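Geometric and topological summary
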Amino acid sequence: MSNLETTKKDYQQYAKLATSAESLIYSDPKSSVAIFGNFAEQLTREIMHLEGFGDWNLKQIDRINELKYRADYPPVVTKYLDDIRRIRNLADHDHQFVVSKKQALEIDKKAHLIWSYFLEVYSQDNPAKYKTPVDQANIFQVQQAQIDQLKKELEAALNSQNPLEVSKEIREQRRKVSVNFAKKHQLTEAETRQLIDKQLQEAGWEADTGN
């Protein structure tokens, strides 16, 4: 779940743009901050429009200054807008500039604060509390490690067990349950043909019912 969502239909496109930036934080931090920069730029254009300032087709720095001096926006909002603008410019124009995951996460937090302010002021939507995005690749690695550990534990448990003596009554009861289950869950005709083909092939015959 993204930190930059909204229930308001009018602003869904902004949310999608920011969410796409957030999804790249761990895999491509430089692209992430570049997209966040575009998100912030588009959002300030929308704010200029909503404030009725007329010409909102200015440079981003000019729009930020308009909000800072003309609309008396909270300093934290205009500062974060400028922080995103600066790192976006570096990401776009300096090929040697390297963006770390830590920097991308910091930009994500700043974008979230700006987004939260925008939603509260212009849509009366309730922004979600910020949560550090999860690295999906890291989740996979952790899950794989847990799966490997479970495999080892199950194998060890099985190896430590002694053979059981099963009574005739239990075997007969299990057989009845098995027969009833088989009646309820039968192979399709195509699956039956595949099974017969496999048995014929194992016996040395050429068999391919499908062809």
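First, a word on what this report is: a plain description of the structure on this page. (Residues numbered from 1 in each chain as written. Predicted model: local features only at pLDDT ≥ 70, side-chain atom pairs only at ≥ 80, totals over all residues. Heavy atoms only, no water.)

For the protein, the count of helices and strands is eight helices and zero strands. Ordered by position in the sequence, the α and β elements of the protein form the string α-α-α-α-α-α-α-α. Taken against the 2.2 N^0.38 rule, which gives 17 Å for 211 residues, the C-alpha radius of gyration of the protein at 30 Å runs more than 25% over that of a compact globule. Expressed as a percentage of its 211 residues, the buried residues of the protein come to 29%. When the accessible surface of the protein is totalled, it reaches about 15,100 Å², and 51% of it is carbon and sulfur. Here the protein contributes 30 positively and 32 negatively charged side chains, and the mean placements of these two sets differ by 3 Å. (Helix = DSSP H or I, 4+ residues; strand = E, 2+ residues; numbered from the N terminus. Rg over C-alpha atoms; globule rule 2.2 N^0.38 Å. Buried < 20%, exposed > 50% of the residue type's maximum accessible area, 1.4 Å probe, protein only. Areas by Shrake-Rupley, 256 points an atom, 1.4 Å probe, with all protein chains shown as cover. Lys, Arg positive; Asp, Glu negative; His and termini not counted. Charge placed at Lys NZ, Arg CZ, Asp CG, Glu CD.)

Counting through the fold element by element, isoleucine 196 comes out in helix 8 (residues 189-202). The spatial distance from the C-alpha of isoleucine 196 to the C-alpha of glutamate 120 is 67 Å, given a sequence separation of 76 residues.

This brings us to the packing of helix 2 (residues 29-51) against helix 5 (residues 101-122). Any two packed helices are characterised by the angle at which their axes cross and by the distance between the axes. Contact pair helix 2 / helix 5: the axes reach a minimum separation of 10 Å and the direction vectors enclose 20°. The pairing of helix 2 with helix 5 is recorded here as roughly parallel in orientation. Crossing geometry of helix 2 relative to helix 5 is assigned as left-handed. Judged by residue contacts, Pro29, Ser32, Val33, Phe36, Phe39, Leu43, Glu46, Ile47, Leu50 and Glu51 of helix 2 engage Lys101, Ala104, Ile107, Asp108, Ala111, Ile114, Trp115, Phe118 and Tyr122 from helix 5. Residue classes in the contact of helix 2 with helix 5 are distributed as 14 nonpolar, one polar and four charged. (Axes fitted to C-alpha atoms, helices over the stretch in contact; angles between N-to-C directions. Parallel < 35°, antiparallel > 145°, perpendicular 65-115°, else oblique. Left-handed = near helix turned anticlockwise from the far one by under 90°. Contact = heavy atoms within 4.5 Å. Nonpolar A, V, L, I, M, F, W, Y, C, P; charged D, E, K, R; others polar.)

Another point: the pattern of salt bridges. All told, the structure shown has eight salt bridges when counted by the stated rule. For aspartate 82, the salt bridge identified is with arginine 86, shortest N-O distance 2.9 Å. A residue pair is termed a helical-turn pair when its members lie 3 or 4 positions apart in one helix, as aspartate 82 and arginine 86 do in helix 4 (residues 75-93) at four residues. As a salt-bridge pair, aspartate 83 and lysine 110 come within 2.9 Å of each other at their nearest N and O atoms. Taken together, the positions of aspartate 83 in helix 4 and lysine 110 in helix 5 put the pair 27 residues apart, joining distant regions of the chain. You'll find aspartate 83 and lysine 110 in the same group, each marked buried. (Salt bridge = Lys/Arg side-chain N within 4 Å of Asp/Glu carboxyl O.)

Let us look at the nonpolar core. Phe36, Phe39, Leu43, Trp115 and Phe118 are the most contacted members of the largest nonpolar core, which totals 36 residues. Sort the elements by how many residues they give to this core and helix 5 lands first, with nine residues. Not counting the four nearest positions on each side in its chain, phenylalanine 118 is found in contact with Tyr11, Leu43, Glu46, Ile47, Leu50 and Ser123. (Core = buried A, V, L, I, M, F, W, Y, C linked by side-chain atoms within 4.5 Å.)

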